[in-house]
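Results of the structural survey
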Amino acid sequence: MKSENKNIIGEPMVAYASGGSLNPFYDLLGGPKNTFSNDWDIIRLARQGFSKRALLSLAKKISLTFQELASILHISERTLQRYDDDAIIKTEYAEKAVELARLYTRGQEVFGSMDKFKLWIKTPSLIFNGEAPVSLLDTSAGFDMVFTELGRIEHGIFA
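In what follows, the accompanying structure is described.

What counts and how
Residues numbered from 1 in each chain as written. Predicted model: local features only at pLDDT ≥ 70, side-chain atom pairs only at ≥ 80, totals over all residues. Heavy atoms only, no water. Helix = DSSP H or I, 4+ residues; strand = E, 2+ residues; numbered from the N terminus. Buried < 20%, exposed > 50% of the residue type's maximum accessible area, 1.4 Å probe, protein only. Areas by Shrake-Rupley, 256 points an atom, 1.4 Å probe, with all protein chains shown as cover. Axes fitted to C-alpha atoms, helices over the stretch in contact; angles between N-to-C directions. Parallel < 35°, antiparallel > 145°, perpendicular 65-115°, else oblique. Left-handed = near helix turned anticlockwise from the far one by under 90°. Contact = heavy atoms within 4.5 Å. Nonpolar A, V, L, I, M, F, W, Y, C, P; charged D, E, K, R; others polar. Core = buried A, V, L, I, M, F, W, Y, C linked by side-chain atoms within 4.5 Å. Salt bridge = Lys/Arg side-chain N within 4 Å of Asp/Glu carboxyl O.

**Structural notes on the overall build of the protein**
Secondary structure assignment for the protein yields 8 helices and 2 strands. Counting from the amino terminus, helix and strand elements in the protein follow one another as α-α-β-α-α-α-β-α-α-α. Counting over 159 residues, the protein shows a buried share of 36%. Carbon and sulfur atoms form 54% of the exposed surface of the protein, whose accessible area is close to 9800 Å².

Here is the structure:
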């Protein structure tokens, strides 16, 4: 019996205990039916997919229009409209929703308020070739660029 457990690392379980939301982005993804206490909950839900209601709730919390959300998710507005509110939308859209929540939470941390970040992300900038950062979020490279710029702003490195 001991030989079966020799590959298990003896770490204190307290390191893994979580009482409540450790990551603030959970709050953006949560709603009346979705409460998350750790990253495993997010992974499980992302694999299952989000309901249309959850996606629209996220969009409302971060002030994205229906059109902006559809563009970021790479889904036509009409197709998104056709889903019932409780319908589970494909997992690739869930991944984008998680990234959106993480980005907006990071932006709130850097700017000190969600309102300031929402203003910044919708304002065209020379750093992004005259485009608003939100317009870049339809690609993973765009997400990376926006995250990188947030890091620069946080550290006082301006272009």
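**Describing the packing of helix H6 (residues 91-111) against helix H7 (residues 114-121)**
Interhelical geometry of H6 versus H7 gives an angle of 110 degrees and a closest axis separation of 8 Å. When the interaxial angle is binned, H6 and H7 end up roughly perpendicular. Relative to H7, H6 is oriented so that their crossing is right-handed. Note on element contacts: H7 touches H6 through Met114, Lys116, Phe117, Lys118, Trp120 and Ile121, opposite Leu103, Tyr104, Gly107, Gln108 and Phe111. Split by residue class, the contact of H6 with H7 holds 7 nonpolar, 2 polar and 2 charged.

**Things to note about unusual backbone geometry**
Across residues other than glycine, the phi torsion is negative in most instances, and most of the peptide bonds are trans. If you check the backbone angles, Ser63 has positive phi at about 60 degrees while not being a glycine. Here Ser63 falls in the partly exposed class, since its relative accessible area comes to 34%.

**Some points on the environment of Ile75**
Mapped onto the elements of the fold, Ile75 is located in the loop between helix H4 (66-73) and helix H5 (77-82). Linking Ile75 and Tyr93, residues 18 residues apart in sequence, is a C-alpha distance of 8.7 Å. Every residue in contact with Ile75, bar those within four places of it in the chain, is listed here: Ala70, Leu80, Tyr83 and Tyr93.

**A word on the nonpolar core**
The biggest cluster of nonpolar side chains holds 41 residues, and the ones touching the most others in it are Phe50, Leu100, Tyr104, Ile121 and Leu137. For this core, the secondary-structure elements that each account for two or more residues are helix H1 (25-29), helix H2 (39-48), helix H3 (52-61), H4, H6, H7 and helix H8 (140-154). No other element matches the 9 residues that H6 contributes to this core. Setting aside chain neighbours within four positions, we find Phe50 in contact with Leu29, Leu45, Leu55, Ala87, Ile88, Ile89, Ala94, Ala97 and Val98.

**Looking at the pattern of salt bridges**
Pairs can form between side chains of opposite charge once their charged atoms are near each other. A full pass over the atoms with the stated rule returns 6 salt bridges. Salt-bridge contacts for Arg102 lead to Glu99; the nearest nitrogen and oxygen are separated by 3.0 Å. Here the residue Arg102 and the residue Glu99 both occupy positions in helix H6, the gap between them amounting to 3 residues, near one helical turn. By relative accessible area, Arg102 is classed as partly exposed at 40%. For the salt bridge of Arg106 with Glu154, the shortest nitrogen-to-oxygen distance reads 2.4 Å.

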